[in-house]
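One letter stands for each residue in the lines below.
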Amino acid sequence: MTQSEFVNLVMPFKDKLYRLAKRLLVSTEEAEDATQEVLMKLWDKKKGIGSYRNVEAFAMTMTKNFCLDRLKSKQSGNLKLVHSNYADDRTSLQKEVELNDSLEWVGRIMEGLPEQQKLVLQLRDVEQYDYDEISEMLDMKPTAVRVALSRARKAVREQLIKKHSYGIQ
Amino acid sequence: MEFNKIEQLFEKYFEARTTEAEEQELRDYFSGGQVAEHLEPYRAMFAYFSDAKKERSIRQVPLKPRKTLYQWISVAAGIVLVAGIFFGKQYQERKEAEYAYLQTKKALGLLAENLDRGKEKVAYLQEFEDTKQKIIKNN
């Protein structure tokens, strides 16, 4: 596989990898790093790439695993600082009131969800993959995907309602 | 009518039982101008999803450097190998020549020594000849 063939193969989903990485890692810089790392790993494996039935799903799985590993090592390492910053933001009621941009608010809600729920929301409601693809990417049964997705959507709804009724009062 | 359908889809949506087409219907509804007041809070949710999909990765992924590094390493290894064989062979040839020279020198030395010994014996022969001449003269 030549370099241009490889680029043609990965370009259609490069942004999806990036958005998934950003959903999990939050920081733009780290999401770019993760995307680059996954694509370079894929490039190293390019000889065997033809044997993967679905390269896009495979790359998404690689991205997910890479980011979850990053988060795990972050939790034990000194990068925890980044996260406590966000926690501060969220608990400060004053800041919540100032957060007028409702779109940004939805983003904050998603940030607070458990990782699995973030993943299914990202893959279904943002990227609009079908259930079979999502279950392949996350290595979960389709029913488990639906359960996680339902929980995630309801969690977002709950917080939206809370925010809304707070705004009216 | 239309509204009831949206309500139903909306409930199905939270149970994660909506199809892709139904979800598209919901997205269309919420991106349109007329959203029922009690559904208004959810407009931001769908707007956020479609907004999030627009984000792009801006970094170019450098694919070449890693590859060319490997290439250069293999080229360097090849040069070292060829040079090793070449100079190794030269060294071996020189050693062989030195050995042949020493062997030849030894053989020639041996020859010269034996020749000297032969010459000594020939000197006795001369003595014999001298004596013979003396005898002949005396008679």
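For clarity, every value in this text was computed on a predicted model and none was experimentally measured.

Criteria and thresholds
Residues numbered from 1 in each chain as written. Chains lettered and ligands numbered in written order. Predicted model: local features only at pLDDT ≥ 70, side-chain atom pairs only at ≥ 80, totals over all residues. Heavy atoms only, no water. pLDDT = per-residue confidence, 0-100. Helix = DSSP H or I, 4+ residues; strand = E, 2+ residues; numbered from the N terminus. Salt bridge = Lys/Arg side-chain N within 4 Å of Asp/Glu carboxyl O. Buried < 20%, exposed > 50% of the residue type's maximum accessible area, 1.4 Å probe, protein only. Core = buried A, V, L, I, M, F, W, Y, C linked by side-chain atoms within 4.5 Å. Contact = heavy atoms within 4.5 Å. Phe/Tyr/Trp six-rings, centres within 6.5 Å; stacked < 30°, edge-to-face > 60°. Lys NZ or Arg CZ within 6 Å of the ring centre and 35° of its normal. Axes fitted to C-alpha atoms, helices over the stretch in contact; angles between N-to-C directions. Parallel < 35°, antiparallel > 145°, perpendicular 65-115°, else oblique. Left-handed = near helix turned anticlockwise from the far one by under 90°. Nonpolar A, V, L, I, M, F, W, Y, C, P; charged D, E, K, R; others polar.

Caption draft 1: Region of interest: the confidence of the model for chain B. When pLDDT is averaged along chain B, the result is 88; 96% of the residues meet or exceed 70. Within chain B, the element-level pLDDT minimum falls on helix H4 (residues 64-138) of chain B, averaging 87, and the maximum on helix H2 (residues 20-31) of chain B, averaging 94.

Caption draft 2: Broad picture of the pattern of salt bridges. The tally for this structure, following the rule as stated, stands at 17 salt bridges over all chains. The salt bridge involving A:Arg153 is made with B:Glu23; its shortest N-O contact spans 3.1 Å. Here the residue A:Arg153 occupies a position in helix H9 (residues 142-168), and B:Glu23 occupies one in helix H2, the pair thus bridging two chains. Exposure remark for B:Glu23: the relative accessible area of 2% places this residue in the buried category.

Caption draft 3: Expanded view of the nonpolar core. B:Phe30 and B:Leu39 are the most contacted members of the largest nonpolar core, which totals 69 residues. For this core, the element with the highest residue contribution is helix H1 (residues 3-25) of chain A, accounting for nine residues. In contact with B:Phe30, not counting residues within four places along its chain, are B:Phe10, B:Val35, B:Leu39, B:Tyr42, B:Arg43 and B:Phe46.

Caption draft 4: The packing of aromatic side chains, seen in detail. Evaluation of the coordinates by the stated rule reveals 13 aromatic pairs over all chains. Aromatic pair B:Tyr29 and B:Phe30: ring centres 5.2 Å apart, planes at 85 degrees, arrangement edge-to-face. On the basis of relative accessible area, B:Tyr29 is assigned to the buried category, the value being 14%. Relative to B:Phe87, the ring of B:Phe86 has its centre 5.3 Å away and its plane inclined at 75 degrees; by these criteria the two rings are edge-to-face. B:Phe87 sits in the exposed class, given a relative accessible area of 53%. When the ring centre of A:Trp43 is taken as origin, the NZ or CZ atom of A:Lys46, which lies over that ring, is 4.2 Å away.

Caption draft 5: Seen up close, the packing of H2(B) against helix H3 (residues 40-52) of chain B. All names here are of chain B. The interhelical angle for the contact between H2 and H3, taken along N-to-C directions, is 115 degrees, at an axis separation of 9 Å. Here H3 runs roughly perpendicular to H2, going by the angle between their axes. Viewed along their axes, H2 and H3 form a crossing whose handedness is left-handed. Each of Leu26, Arg27 and Phe30 in H2 lies in contact with H3, whose residues at this interface are Tyr42, Arg43 and Phe46. A per-class count over the contact of H2 with H3 returns four nonpolar, no polar and two charged.

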